[in-house]
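# Tertiary structure, described
Listed here are the chains, written in short residue letters.
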Amino acid sequence: MIICAGLATRDTIYAVPRHPGADDLVVASDRTVAAGGPAATAAVAIARLGGDVRFIGAVDELEDIEVVRMPGRTVESTILVSDGMRSIVTEVPETFTVTAEMLEGADWLHVDHVGYASLEPECFDAG
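Below: a short report on this structure. (Residues numbered from 1 in each chain as written. Predicted model: local features only at pLDDT ≥ 70, side-chain atom pairs only at ≥ 80, totals over all residues. Heavy atoms only, no water.)

## Some words on the overall build of the protein chain
Where we set the bar: Every helix listed is a DSSP run of H or I at least four residues long, and every strand listed is a run of E at least two residues long, numbered separately from the N terminus. Relative accessible area decides the class of each residue, using a 1.4 Å probe on protein chains only: under 20% of the type maximum gives buried, over 50% gives exposed, and in between gives partly exposed. Contacts are assigned to residue pairs that have any heavy atoms within 4.5 Å of one another.
Along its length, the protein chain carries 2 helices and 8 strands. Counting from the amino terminus, the protein chain carries its helices and strands in the arrangement β-β-β-α-β-β-β-β-β-α. By principal-axis analysis of the C-alpha atoms, the protein chain measures approximately 50 × 30 × 25 Å. Looking at the 127 residues of the protein chain, the share that counts as buried comes to 35%. Here the contacts in the protein chain between residues at least 6 apart in sequence split such that 55% fall between residues at least 24 apart.

So this is what it looks like as structure tokens:
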């Protein structure tokens, strides 16, 4: 089993003709709402490839993935995309703690910046 621990986001992605300046208004040509976050995206990709995966983090739900729900809520992010550039506006994620017991059965642990910071010291000795 692969365990992914870390950030899950709800991304609202706007395609814009150019990035706005200060006190500027830009009208988007397209808007997409999608799940994101480094660890959650990895968990979804692993599941779609047929892998056995568990996600640990603050998230409402991930379809077809075993989830260890941590306190907090899914982070909201807004992303502007234009001409190969992107800008991200996001929130500070909730902090949580991952214990060695949560990692039982793992053949591999994938963490992002949020997941790494959440690991208890005993997790590094878990093998």
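More follows now that the structure is in view.
## Quick notes on the packing of aromatic side chains
Test applied: Put simply, two rings from Phe, Tyr or Trp (the six-membered ring, in Trp's case) pair if the centres are within 6.5 Å, and we call them stacked under 30 degrees between planes, edge-to-face over 60, tilted for the rest.
This structure, assessed with the given rule, holds 1 aromatic pair. Ring centres 5.6 Å apart and planes at 70° place the aromatic pair Tyr116 and Phe124 in the edge-to-face group. Exposure remark for Phe124: the relative accessible area of 47% places this residue in the partly exposed category.

## Points about the side chain of Ser82
Rules: N or O atoms closer than or at 3.5 Å make up a polar contact, with two conditions inside protein: a donor-capable atom paired with an acceptor-capable one, and, for residues adjacent in sequence, both atoms drawn from side chains.
Note that Ser82 resides in strand E6 (residues 75-82). Residue class for Ser82 comes out buried when judged on its relative accessible area of 3%. Within the local environment of Ser82, its side chain forms a polar contact with the side chain of His19, the two groups lying 2.6 Å apart. Ignoring anything within four residues of it in the chain, the contact list for Ser82 reads Val16, Pro17, Arg18 and His19.

## Here's the deal with the pairing of strand E1 (residues 2-5)
What counts, and what does not: At least two DSSP bridges between two strands are needed for those strands to be called paired.
Two elements, E1 and strand E4 (residues 53-57), share 4 bridges in a ladder whose sense is parallel. Looking at E4, one finds that Ala5 is bridged to Ile56. As defined by bridge partners, E1 adjoins strand E8 (residues 108-111) across 4 bridges and the pair is classed as parallel. Its bridge partner being in E8, Ile3 is matched across the sheet by Leu109.

## Here's the deal with the pattern of salt bridges
Note the following rule: Whenever Lys or Arg places a side-chain nitrogen within 4 Å of a carboxyl oxygen from Asp or Glu, that contact is recorded as a salt bridge.
What the rule picks out here adds up to 4 salt bridges. Note that Arg54 and Glu66 form a salt bridge whose closest N and O atoms lie 2.7 Å from each other. Here Arg54, found in strand E4, pairs with Glu66, found in strand E5 (residues 66-69); they are 12 residues apart in sequence, far enough to count as distant. Since its relative accessible area comes to 39%, Glu66 is described here as partly exposed. The residue Glu91 makes a salt bridge to Arg73 at a minimum N-O spacing of 2.9 Å. Taken together, the residues Glu91 in the loop between strand E7 (85-89) and E8 and Arg73 in the loop between E5 and E6 connect sequence positions 18 residues apart. Under the relative-accessibility criterion, Glu91 is labelled partly exposed at 32%. Judged by its relative accessible area of 45%, Arg73 falls in the partly exposed class.

Any functional reading would require information that these geometric values do not contain.
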